Amino acid sequence: FLRGAVGERFCVRNSGALAVAEGVGDHGCEYMTGGRVVVLGPTGRNFAAGMSGGIAYVLDLDPARLNRQMVDIDPLEGPDLDFLHEVVSRHHAETGSAVAARLLASWEPAAQRFAKIMPKDYKRVLLAASAAEREGRDVNEAVMAAAHG
């Protein structure tokens, strides 16, 4: 939980950490393979280049700064909104962030300003695992098939 903006290459190669910052420089989440990142401010150019796993949530995303080669901008769903509220609340509690306080003060409209950045391949694997689980099939086999398909 970082109060303020951070420099270039924030969370490069993140493989499982939860990280929050109030802005990032160029190449944020580059080659990220896991974890979750929440950016409560602007991003530099080339955000999410080579991102193959994990999820990033960005407030007021400028799509021109996003490297769309391996990621999509997905709609937020109920669990995403719950996660974001919890993380922004925790960020405020941990750092005393004025940015988080403003967001929480008008949460409903603020939450709609977030973009969910999701790697295309990671999404395919998660969907395959979920379908296999629902249908009583072997999850590992479904994941392997989706990962190589």
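Everything here concerns the structure above.
Draft legend 1. Local environment of the sheet that holds strand S5 (residues 114–119). Across the sheet, which stays open at both edges, the five strands sit in the order S1-S2-S3-S5-S4 with mixed pairing between neighbours. A single partner strand is all that each edge strand has here, and the edge strands are strand S1 (15–21) and strand S4 (71–74). The average undirected angle you get between the axes of adjacent strands in this sheet is 15 degrees. In this fold helix H4 (residues 120–135) packs onto strand S3 (53–59), S4 and S5, with an angle of close to 80 degrees to the strand it touches most, S5.

Draft legend 2. Highlighting the packing of helix H1 (residues 78–95) against helix H2 (residues 98–105). Look at H1 against H2: their axes get within 8 Å of each other, and the N-to-C directions meet at 140 degrees. Our classification of the angle between H1 and H2 gives oblique. Considering only the axes of H1 and H2, their crossing is left-handed. Of the residues in H2, those in contact with His-85, Val-88, Ser-89, His-91 and His-92 of H1 are Ala-100, Ala-101, Leu-103 and Leu-104. Classifying every residue of the contact of H1 with H2 by side-chain character gives five nonpolar, four polar and no charged.

Draft legend 3. Region of the structure containing the packing of H4 against helix H5 (residues 139–147). Orientation of H4 relative to H5, taken along the N-to-C sense of each, is 150 degrees, at an axis distance of 8 Å. It follows that H4 is roughly antiparallel to H5 by the angle criterion. Along this stretch, H4 crosses H5, giving a crossing that reads as right-handed. Note on element contacts: H5 touches H4 through Val-139, Ala-142, Val-143, Ala-146 and Ala-147, opposite Arg-124, Val-125, Ala-128, Ala-129, Ala-132 and Glu-133. Of the residues that constitute the contact of H4 with H5, the class distribution is nine nonpolar, no polar and two charged.

Thresholds applied
- Residues numbered from 1 in each chain as written.
- Predicted model: local features only at pLDDT ≥ 70, side-chain atom pairs only at ≥ 80, totals over all residues.
- Heavy atoms only, no water.
- Pairing = 2+ DSSP bridges.
- Helix = DSSP H or I, 4+ residues; strand = E, 2+ residues; numbered from the N terminus.
- Axes fitted to C-alpha atoms, helices over the stretch in contact; angles between N-to-C directions.
- Contact = heavy atoms within 4.5 Å.
- Parallel < 35°, antiparallel > 145°, perpendicular 65-115°, else oblique.
- Left-handed = near helix turned anticlockwise from the far one by under 90°.
- Nonpolar A, V, L, I, M, F, W, Y, C, P; charged D, E, K, R; others polar.

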